[in-house]
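Overview (structure and organization)
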Amino acid sequence: MFKLLRENIRIALGSIRTQLLRTILTVFIIGIGIWALVGILTVVSALENTISSDFASMGSNTFNIEQYDMAARMSRDQNTKPNPIISYPQAKAFKENYKYPLTTTSLSFTATSNAEVKFESQKTEPEISVVGVDENFLSNSGLEIAKGRNFTNFDVQNNAFVCVVGSDFEKGLLKDVNPIDKVISVRGAKFRVIGVLKEEGSTFGNNKDLRVMIPLQIARSLFTTPNINYEMSVRVEKNEFLDEAVDNALLTMRRIRKLTPMQESNFGISRSDDLINRILSITNYLGIAAWVIGIITIFGSSIALMNIMLVSVTERTREIGVRKALGAKRGTIATQFFIETLVIGQLGGLLGLFLGILSGYGLAAMLEFAFVIPWGAIGAAFATTFAVTIVSGSYPAIKASKLDPIEALRYE
């Protein structure tokens, strides 16, 4: 059996060599379909991995109270009445009144996204984000300290001029020095660096490592922009209490906003797990698009592959007659042509798989997505090429096996 299979593969490769141009064109057509399929699925896998990595550190037991939730931000139009900002008195009142057990609440606000930071005679470009935070912000946001320490309650309550900086400061402004206890200047105020965050990278072009975090009240005194919008983040120690904790936070915030039972909530609560699921659901559409594009292209390649095999059957009619006259069975003839189709299909699949992963990796690197080996795309490529082989190779193989040996020997 193995000897017969090896002989069929040898004959198939010999036939491919004699029809090299048609084979190359067919392999390339199949490769384009697999390329489109694998390339898009590779980028989708990288996107999903990036999103999961970015939000995994927050865990599934964290929620934020903001001016709008994710759904409202995506669907809001100009005619919709905007929600009022969350002011500092409201944020402070929430932290003081929200007493659900086993929870930790933090307050924060983004003071500016284009600050200039100075160290001795050097300064950065005006692209640094300054965030006012309390002592719970880092833990609630899933941020980790690489060097130094976090803010303490003493730092925040006593308005200490200390700061925690992003990891990019070690590559730029504070390069070649130990950043801890160095003094940097933000808007003329001098801050002592007490900690450096672990590197987070960029997401959708937003560099998370170019941040300076300072105590909340210091930030409020330096950045007096009107209508500053505050955010509250709540971390629940035990995941089974999350739903009840969210409901309790909703009622607390409604009381602070002085909403009647008939009024809708004019703020949003975004759970970290809901945010992940909502974003990942969008990637499903990209996966569907990949399959649609791939199937359309592969359908064309199936027709091309079937045609080349039908031509091969016609050109080798006399050879088939000789084989049958020498005792070859119908199954042997059909297997020979089917293996030839399989070889061509797998060559196209391998070409498309290589190009798909290569282009997907390049696009993921350009978009700064975390690349992972797309095992799902690889499996899809092999399954698709095998399906193409069955569809395209069955009819020519059956036609070859049914040829009458006498008529085949007469064929010129």
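Note that the structure is a prediction, hence the values are computed from the model and not measured.

Topic: the nonpolar core
In this structure, Phe63, Ile65, Phe94, Ile184 and Val212 are the most contacted members of the largest nonpolar core, which totals 48 residues. Among the elements that make up this core, the one with the highest residue count is helix H8 (residues 242-256) (six residues). Once you skip the residues sitting within four places of it in the chain, Ile65 turns out to touch Ile86, Phe94, Tyr230, Glu231, Met232, Ala249, Met253, Phe267, Gly268 and Ile269. If you look at the next biggest cluster of nonpolar residues, it comprises 28 residues, including Leu41, Ile339, Ala381 and Ala397.

With respect to the side chain of Glu135
Here Glu135 is to be found in the loop between strand S5 (128-133) and helix H5 (137-140). Although Glu135 lies buried, it forms no salt bridge, and the closest oppositely charged side chain, Lys95, sits 4.2 Å away as judged by the N-O distance. Contact partners of Glu135, with chain neighbours within four places excluded, come to Lys95, Asn150, Phe151, Thr152, Asn153 and Val156.

Quick notes on the pairing of strand S1 (residues 62-66)
Counting buried residues along S1, five of its five residues qualify, which places the element largely inside the surrounding structure. Burial along S1 is two-sided: the face carrying Thr62, Asn64 and Glu66 and the face carrying Phe63 and Ile65 are both buried. Two elements, S1 and strand S13 (residues 231-236), share four bridges in a ladder whose sense is antiparallel. Following the sheet pairing, Ile65 is matched in S13 by Met232. Bridging between S1 and strand S14 (residues 268-271) involves four bridges; their strand directions are antiparallel. Within S14, the position partnered with Glu66 by the bridge is Gly268.

What about the packing of helix H11 (residues 330-366) against helix H12 (residues 375-401)?
Taken N-terminus to C-terminus, the directions of H11 and H12 make an angle of 150°; their axes are 8 Å apart at the nearest point. Judged by the inter-axis angle, H11 sits roughly antiparallel to H12. The element H11 and its partner H12 pack so that their crossing is right-handed. Looking at the contact of H11 with H12 residue by residue, the class counts come to 15 nonpolar, ten polar and one charged.

Parameters at a glance
Every chain's residues receive numbers from 1 upward, in the order its sequence appears when written. It should be noted that, the model being predicted, local features are given only for residues of pLDDT at least 70 and side-chain atom pairs only at 80 or more, the latter also being counted only at that level, while totals for whole chains, interfaces and linings use all residues. To get the side-chain values, all heavy atoms of the structure are used, and hydrogens and water are removed first. To define a nonpolar core, start from buried Ala, Val, Leu, Ile, Met, Phe, Trp, Tyr and Cys residues and group those joined through side-chain atoms within 4.5 Å. Buried means the residue's accessible area, taken with a 1.4 Å probe over protein chains only, is under 20% of the maximum for its type, while exposed means over 50%, and partly exposed covers the values in between. Helix numbers and strand numbers start at the N terminus; a helix is a DSSP run of H or I with at least 4 residues, a strand a run of E with at least 2. We call two residues in contact whenever any of their non-hydrogen atoms come within 4.5 Å of each other. Neither His nor the chain ends contribute to the count of charged residues, in which Lys and Arg are positive and Asp and Glu negative. By convention in these notes, a salt bridge is any Lys or Arg side-chain nitrogen within 4 Å of a carboxyl oxygen on Asp or Glu. When DSSP finds at least two bridges between two strands, those strands are taken to pair. Comment: axis = line fitted to C-alpha atoms, over the contacting stretch for helices; angle = value between 0 and 180 degrees taken between N-to-C directions. Note on angle classes: values under 35 degrees are labelled roughly parallel, values over 145 roughly antiparallel, values of 65 to 115 roughly perpendicular, and the remainder oblique. The crossing is said to be left-handed when, going from far helix to near helix, the turn is anticlockwise and less than a right angle, and right-handed when the turn is clockwise. Basically, the charged four are Asp, Glu, Lys and Arg, the nonpolar ten are Ala, Val, Leu, Ile, Met, Phe, Trp, Tyr, Cys and Pro, and anything else, Gly included, counts as polar.

The values are spatial; any link to function lies outside them.
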